[in-house]
Amino acid sequence: ETCAPPAASRYYGLALSSLPAELDPASLKRQAQMLEELGEVLLIQAQYAAAADTYRKMLKVAEALGEAPCKARAWNGLSWAQDRLGDYSGALDSAVKAEAIAREAGARAELARALFRRGWALFRMGQAQAVLDIGEQALALSEELEGRRDVAFSLKLLGIAHILAGEYGGAKKYQERALRLFEEMGDPWGVANLLNNLGENARIQGDYVNAVDI
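Presented here is a report on the structure given in the accompanying data block.

Rules used in this analysis
- Residues numbered from 1 in each chain as written.
- Predicted model: local features only at pLDDT ≥ 70, side-chain atom pairs only at ≥ 80, totals over all residues.
- Heavy atoms only, no water.
- Helix = DSSP H or I, 4+ residues; strand = E, 2+ residues; numbered from the N terminus.
- Buried < 20%, exposed > 50% of the residue type's maximum accessible area, 1.4 Å probe, protein only.
- Polar contact = N/O pair within 3.5 Å; in protein donor to acceptor, adjacent residues only side chain to side chain.
- Contact = heavy atoms within 4.5 Å.
- Expected span 1.5 Å × (residues − 1).
- Core = buried A, V, L, I, M, F, W, Y, C linked by side-chain atoms within 4.5 Å.

As for its placement among the helices and strands, Asp187 is situated in the loop between helix H9 (168-185) and helix H10 (188-204). On the basis of relative accessible area, Asp187 is assigned to the buried category, the value being 11%. Side-chain polar atoms of Asp187 contact the backbone nitrogen of Trp189, separated by 3.1 Å. In contact with Asp187, other than residues within four places in its own chain, are Arg149 and Phe182.

Dropping the structure here:
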């Protein structure tokens, strides 16, 4: 939370190494949670291969637990890492698996994130209309669940989908809404990312002065 990911990685490593060799269900849950959070920290540091390995370990723990929401989160995390590695077909496949598991289990928060991840993979593949459709689904579900972070990510997805479709006014509308949410949540990573997207939106339209200011 203080934006010190190297320190976070170190402490997560120490925490994981302190777990006993034989784990009861409660300890397995703690292990899965720590692996999930470590994966996110590794992604922030651009250690994408290590993050993918971490989410694969989380998936094995989730399977041992037999908990569907945990499995869906592991597949979602792996999809994120695969996206960063440039493996867009792998990212799409992992997101589809997360979505199927979440739907069957009625895990709606995980489903919202799986929709985002599937939409993001399709954006990488240039499928604008599919991304717009999935983005609207993700946004509606996230708003229904009142998950501000998921709402912000859904708005971000719709923003880049509109850029892909050449609809720059719509892109700006969604990007500005996402930016406000990230600012309200005090999320510097999200704020920086949305400012980058708004700058790119301006640049594409030839509004170079505004792009520089953003």
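Here the narrative resumes.
It is worth spelling out helix H3 (residues 48-65) at this point. Across its 18 residues, H3 extends 25 Å between first and last C-alpha, which sits within 8% of the 26 Å expected from 1.5 Å per residue. Where H3 is buried, its residues meet helix H2 (25-44) and helix H4 (68-84). Where H3 ends, the next residue or the one after it, Gly66, has phi of about 75°, a positive value.

Leu115, Trp120, Val131, Leu155 and Leu157 are the most contacted members of the largest nonpolar core, which totals 31 residues. Those elements that provide at least two residues to this core are helix H6 (108-124), helix H7 (128-145), helix H8 (148-164), H9 and H10.

With that settled, the discussion passes to the side chain of Asn197. Relative to the helices and strands, Asn197 is located in helix H10. Of the residues examined, Asn197 reaches a relative accessible area of 10% and is grouped as buried. Leave out the neighbours within four places in its chain, and Asn197 touches Lys156, Ile160, Ile163 and Gln175.

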